[in-house]
Amino acid sequence: MKAENEQRTGLLYGFGAYGMWGLVPLFWPLLKPSGAIEILAHRMVWSLAVVGLALLALRRWGWIRELVRRPRKLGLTALAALLITVNWGVYIWSVNNGQVVEASLGYFINPLVSIALGVLVLGERLRRVQWTAVGLSFAAVLVLAVGYGRPPWISLILASSFATYGLIKKKLNMGGLESLTAETAVLFPPALAYVLWLGATGQSTFASQGVGHSLLLASTGLVTAVPLVFFGAAAIRVPLSTLGLLQYLAPVFQFGLGVLYFHEAMPSERWVGFSLVWAALALLTWDALRTARRSRARLDGARAAVHEPA
């Protein structure tokens, strides 16, 4: 019962995280004329302020001593921080440069990258349907490369960085708030140095664009911290495969915003590429649901056999 409650809580956290990420393309354009790197630096600085206040209110500091005493865990935290920095920076740049649709593709193929990591890192074996889905995803990337005139680098970087980040979070097994605090603490010194350098050289938009703009930059801490805390809480409560299913929610919103709100072009070859990705995801979803039903049936059968009278 406790395990079921934990999974249910993890699902709620996952829905919250991916729902907020799905709508965040509406936020980043509000921060112009700030560039992607300046936004990223403020995001790091203000995120630490937000999670620091949360920890202060909750008085949860004991984990810091344990983390510092475990070099391997500290190293994984630094690696997670590096990966999320790459992911954040590329995503902000893509949204503010009219590439919301390609960014959404990165999160559509994220589950497929997670499957590849499961095979390469965790030694998992794929079922036939999963191999078919992986093959469809490779075909989709080739079609989209032809359509874009280049490989969809934004999508590939976003997918690989975030899938690897999720795997590391799983290995760290830290609470969402604690892991985000550790990551932002690693990122804080270089981010603060960059923000101060921008101010000293007169290139900062924080104080030159009015109070409203300053408040928006400061709010990047909340925009960053809340969904990541939710994601971290979900990652330690539900299987990696379940996280892969949940993350469909974010790119659906992002794709819809890119096409319907930002009016980005969708020529026929892009529709073909996205359709192949969606077909792969449909196969994965069907296979996951079928496997879950079979597992439950076997478990129920085993329980019934145990309780049969001798």
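What comes next concerns the included structure. (Residues numbered from 1 in each chain as written. Predicted model: local features only at pLDDT ≥ 70, side-chain atom pairs only at ≥ 80, totals over all residues. Heavy atoms only, no water.)

**Describing the overall build of the protein**
Phase 1: Regarding its fold elements, the protein presents 14 helices and zero strands.
Phase 2: Reading the secondary structure of the protein in the N-to-C direction produces α-α-α-α-α-α-α-α-α-α-α-α-α-α.
Phase 3: Here the C-alpha radius of gyration of the protein, 21 Å, is about what a compact globule of 310 residues would show, namely 19 Å.
Phase 4: When the 310 residues of the protein are sorted by exposure, 44% land in the buried category.
Phase 5: Taking the intrachain contacts of the protein between residues at least 6 apart in sequence as the baseline, contacts between residues at least 24 apart amount to 86%.
Phase 6: Accessible area of the protein: about 15,500 Å², with a carbon and sulfur share of 68%.
Phase 7: The positive charge centre, built from 26 side chains, and the negative charge centre, built from 13, are 5 Å apart in the protein. (Helix = DSSP H or I, 4+ residues; strand = E, 2+ residues; numbered from the N terminus. Rg over C-alpha atoms; globule rule 2.2 N^0.38 Å. Buried < 20%, exposed > 50% of the residue type's maximum accessible area, 1.4 Å probe, protein only. Contact = heavy atoms within 4.5 Å. Areas by Shrake-Rupley, 256 points an atom, 1.4 Å probe, with all protein chains shown as cover. Lys, Arg positive; Asp, Glu negative; His and termini not counted. Charge placed at Lys NZ, Arg CZ, Asp CG, Glu CD.)

**As for the side chain of Arg 270**
Phase 1: Assignment of secondary structure puts Arg 270 in helix H14 (residues 268-307).
Phase 2: Notably, Arg 270 is buried but unbridged: the nearest opposite-charge side chain belongs to Glu 269, and the N-O separation is 5.7 Å.
Phase 3: Not counting residues within four places of it along the chain, the set of residues in contact with Arg 270 comprises Leu 144, Tyr 148 and Ala 265. (Salt bridge = Lys/Arg side-chain N within 4 Å of Asp/Glu carboxyl O.)

**A closer look at the packing of helix H5 (residues 100-108) against helix H13 (residues 249-261)**
Phase 1: Running from N to C, H5 and H13 cross one another at 165°; their axes reach a closest spacing of 8 Å. Judged on the interaxial angle alone, H13 and H5 are roughly antiparallel. For the crossing formed where H5 meets H13, the hand is left-handed. Residues Val 100, Val 101, Ala 103, Ser 104, Tyr 107 and Phe 108 of H5 lie in contact with H13, whose contacting residues are Pro 251, Val 252, Gln 254, Phe 255, Gly 258 and Val 259.
Phase 2: Per-class residue counts for the contact of H5 with H13 are nine nonpolar, three polar and no charged. (Axes fitted to C-alpha atoms, helices over the stretch in contact; angles between N-to-C directions. Parallel < 35°, antiparallel > 145°, perpendicular 65-115°, else oblique. Left-handed = near helix turned anticlockwise from the far one by under 90°. Nonpolar A, V, L, I, M, F, W, Y, C, P; charged D, E, K, R; others polar.)

**Focus on the pattern of salt bridges**
Phase 1: Per the counting criterion, the structure on display carries two salt bridges.
Phase 2: For Glu 102, the salt bridge goes to Arg 150, with nearest N and O atoms at 2.8 Å. Taken as a pair, Glu 102 in helix H5 and Arg 150 in the loop between helix H7 (128-148) and helix H8 (153-172) lie far apart in primary sequence, 48 residues in all.
Phase 3: The partly exposed category is assigned to Arg 150, whose relative accessible area is 29%.
Phase 4: In this structure, the salt-bridge partner of Glu 183 is Lys 169, at a minimum N-O distance of 3.2 Å. Of the two residues, Glu 183 is situated in helix H9 (residues 176-200) and Lys 169 in helix H8; the sequence distance between them amounts to 14 residues. Per residue, the accessibility class of Glu 183 equals that of Lys 169, and both read buried.

**Some points on the packing of H8 against helix H11 (residues 220-235)**
Phase 1: Viewed as axis vectors pointing N to C, H8 and H11 meet at an angle of 55°, and their least axial separation amounts to 9 Å. In this view, H8 runs oblique relative to H11, as classed from their interaxial angle. With respect to the hand of their crossing, H8 and H11 are arranged in right-handed fashion. Judged by residue contacts, Phe 162, Tyr 165, Gly 166, Lys 169 and Lys 170 of H8 engage Leu 228, Phe 231, Gly 232 and Ala 235 from H11.
Phase 2: Of the residues belonging to the contact of H8 with H11, the class tally is five nonpolar, two polar and two charged.

**Overview of the packing of aromatic side chains**
Phase 1: Scanning all chains against the criterion turns up 17 aromatic pairs.
Phase 2: With centroids separated by 5.8 Å and ring planes inclined at 70°, the aromatic side chains of Tyr 91 and Tyr 107 adopt a geometry described as edge-to-face. Of this pair, Tyr 91 sits in helix H4 (residues 71-96) while Tyr 107 sits in helix H5, and the two are 16 residues apart along the sequence.
Phase 3: An aromatic cluster is present here, built from Tyr 18, Trp 21, Tyr 91, Tyr 107, Phe 162 and Tyr 165 joined pairwise through their rings. (Phe/Tyr/Trp six-rings, centres within 6.5 Å; stacked < 30°, edge-to-face > 60°.)

**Brief notes about H7**
Phase 1: Under the 1.5 Å per step criterion, the end-to-end length of H7 is 30 Å for 21 residues, consistent within 8% with the ideal 30 Å.
Phase 2: Among all positions in H7, only Val 129, Gln 130, Ala 133, Val 134, Ser 137, Ala 140, Leu 144, Gly 147 and Tyr 148 are buried. Axial view of H7: buried residues confined to an arc of 140°, hence all on one face. Facing away from the buried surface of H7 by more than 90 degrees, the exposed residues are Arg 128, Phe 138, Leu 142 and Val 146.
Phase 3: Phi turns positive, to about 80°, at Gly 149, one or two residues after H7. (Expected span 1.5 Å × (residues − 1). Arc of directions from axis to C-beta.)

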